[in-house]
Amino acid sequence: MREVVRLVLHLPFDHHDLADRVGRALDVYLRAVGTGPELFSEYDLGDEPAPLREDSWERIRAELSPPLGARFLDDLKDEDSYPYVKRGFERTVELSSGDKGISGYGFFYWARLPWRTRIRLRDTVSMVSFSWPTEYLEEHGPRRMSELAIELASLLPFSSGHAGLAFYSPSTFCASLEGIQAEAFRYPGLDVTHGSTSLGARVDGVHWLNFLGPPVLGEVGGAVGLRTRLRSPETTVREMDAERAVVSLGQWPEAGDLAQGHELPAYRELARVLEPWLYECASRYSFDGASHEETLRWWRRFLG
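Summarised in this report is the structure supplied together with it. (Residues numbered from 1 in each chain as written. Predicted model: local features only at pLDDT ≥ 70, side-chain atom pairs only at ≥ 80, totals over all residues. Heavy atoms only, no water.)

### Points about the nonpolar core
Nonpolar side chains tend to gather and get buried jointly when the protein is soluble and globular. Ranked by internal contacts, the top residues of the largest apolar core, which has 83 residues, are Tyr 29, Phe 107, Trp 132 and Phe 211. Setting aside anything within four residues of it in sequence, one finds Tyr 29 in contact with Phe 40, Tyr 105, Gly 106, Phe 107, Phe 130, Ser 131, Trp 132 and Leu 152. The next biggest cluster of nonpolar side chains, apart from the first, holds 5 residues, and it includes Val 8, Phe 108, Trp 110 and Met 127. (Core = buried A, V, L, I, M, F, W, Y, C linked by side-chain atoms within 4.5 Å. Buried < 20%, exposed > 50% of the residue type's maximum accessible area, 1.4 Å probe, protein only. Contact = heavy atoms within 4.5 Å.)

Here it is in structure tokens:
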């Protein structure tokens, strides 16, 4: 496990609507960071990790291509839809450096199951994430880092998303405090989750860059409404289009340090504004290596 800068975007659409856009976003990411084996050595299409070789990219691109045939699982025979239902998603693509020397670079895409009716899956969203080692931030600076994150986000129809400092391990996709409890509670600006596919229209916490789209942005009064409620001199609100905006909490992403009194007041201010819309996965389960009470305390760390 290591520290990274991670961008996570929650997308309330099916793979059919996302395929071309996610493919373009991956191209932008790879042009910025490269594709060498020191960056990515494994890929996973939902079965098990495999070594990433030159001929692997054809399989990856095929997985990211628009689906052929029937769009909805409801329209397939049971035996044809069963493999998708069994694994719980339509498409997934993960690029990582594996367990041998974590580079900090990573890409993950998870597309929800495309049901015609979504009564039992109404909160499910697709999700994509990109990560960079903190060395990339230090080398290129926060302006380039934020520009790249915003460029990637602008390519995708997100309902919400975020970018900032995070703990990262390619060996686990679930939220975990295993072995990092002291650090997680001391440094509130370091995320321990990997995003959520079940948050619906809610917002997954407060981070350095906070991407807000419909419906939450409209419910808080749009970019204009946010500007009137956020008074921290470190905070800026930037409109991306008519329905989406990004709230930046300072020039650099910060970890904070509660032991030294660095409580990240700009983060706390935004958390209070967004509190009615914040997602709490702690209400459903506990993080690995933590009790339910500890999980809830971490989730509400900016609201205490």
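### What about the pattern of salt bridges?
In total, this model carries 12 salt bridges according to the counting rule given. Between Arg 186 and Asp 257 there is a salt bridge, with its nearest N and O atoms 2.7 Å apart. Linking Arg 186 in helix H5 (residues 181-186) with Asp 257 in the loop between strand S10 (245-249) and helix H8 (265-274), this pair joins segments that are 71 residues apart in sequence. The class of Arg 186 is partly exposed, set by a relative accessible area of 32%. Arg 300 serves as the salt-bridge partner of Glu 275, at 3.1 Å between the closest nitrogen and oxygen. In this pair, Glu 275 is assigned in the loop between H8 and helix H9 (292-299) and Arg 300 in the segment after H9, connecting sequence segments 25 residues apart. For Glu 275, a relative accessible area of 35% corresponds to the partly exposed category. (Salt bridge = Lys/Arg side-chain N within 4 Å of Asp/Glu carboxyl O. Helix = DSSP H or I, 4+ residues; strand = E, 2+ residues; numbered from the N terminus.)

### Things to note about helix H4 (residues 134-154)
Helix length check: H4 (21 residues) gives 22 Å between terminal C-alpha atoms against 30 Å at 1.5 Å per residue, more than 12% under. When the local axis directions of H4 are compared, the greatest deviation, roughly 115°, occurs at Gly 141, which is followed within four positions by the proline Pro 142. Among the residues of H4, those classed as buried are Thr 134, Tyr 136, Leu 137, Gly 141, Pro 142, Met 145, Ser 146, Leu 148, Ala 149, Ile 150, Leu 152 and Ala 153. (Expected span 1.5 Å × (residues − 1). Bend = angle between axes of the 7 residues up to and from the residue.)

### What to know about the pairing of strand S4 (residues 91-96)
In terms of residue burial, S4 counts as a mostly covered element, since 5 of its 6 residues are buried. As judged from the 3 bridges shared by strand S2 (residues 42-44) and S4, these two strands associate in the antiparallel manner. Opposite Tyr 43, over in S4, you have Leu 95 as the bridge partner. Here 5 bridges tie S4 to strand S5 (residues 106-111), and the two strands are oriented antiparallel to one another. Counted as the bridge partner of Thr 92 is Trp 110 from S5. (Pairing = 2+ DSSP bridges.)

### Details of the packing of aromatic side chains
The relation between two aromatic rings is expressed through the spacing of the ring centres and the mutual angle of the planes. A complete count under the given rule lists 11 aromatic pairs for this structure. Plain terms: the ring middles of Tyr 267 and Phe 302 are 5.6 Å apart, the flat faces sit at 40° to each other, and that makes the pair tilted. One end of the pair, Tyr 267, is in helix H8; the other, Phe 302, is in the segment after H9, and 35 residues separate them in sequence. With relative accessibility at 5%, the residue Phe 302 sits in the buried group. (Phe/Tyr/Trp six-rings, centres within 6.5 Å; stacked < 30°, edge-to-face > 60°.)

### Here we look at the sheet that holds S2
The 10 strands lie next to each other as S3-S2-S4-S5-S6-S1-S7-S8-S10-S9, forming an open sheet whose pairing is antiparallel. In this open sheet, the two strands that pair with only one neighbour each are strand S3 (50-51) and strand S9 (235-239). Bridge count between strand S1 (residues 2-11) and strand S7 (residues 160-168): 9 bridges; the pairing is antiparallel. From the neighbouring strand, Val 5 faces S7, where its bridge partner is Leu 165.

### Describing the packing of helix H1 (residues 15-33) against helix H2 (residues 56-64)
Where H1 meets H2, the closest approach of the two axes is 9 Å, and the angle between their N-to-C directions is 140°. Considered as vectors, H1 and H2 are oriented oblique to each other. Side by side, H1 and H2 meet where His 15, Ala 19, Val 22, Gly 23, Leu 26, Asp 27 and Leu 30 of the first sit next to Trp 57, Arg 61, Glu 63 and Leu 64 of the second. The class makeup of the residues in the contact of H1 with H2 is 6 nonpolar, 2 polar and 3 charged. (Axes fitted to C-alpha atoms, helices over the stretch in contact; angles between N-to-C directions. Parallel < 35°, antiparallel > 145°, perpendicular 65-115°, else oblique. Nonpolar A, V, L, I, M, F, W, Y, C, P; charged D, E, K, R; others polar.)

### A look at H2
Where H2 is concerned, the buried positions are Ser 56, Trp 57, Ile 60, Glu 63 and Leu 64. Buried positions in H2, seen along its axis, are confined to an arc of 120° and lie on one side of it. Along its buried surface, H2 packs onto H1, S2, S3, helix H3 (78-87), S4 and S5. (Arc of directions from axis to C-beta.)

### Description of unusual backbone geometry
Backbone torsion omega between Pro 214 and Pro 215 reads 5°, so that peptide bond is classified as cis. For Pro 215, the location among the structural elements is in the loop between strand S8 (209-212) and helix H6 (216-219).

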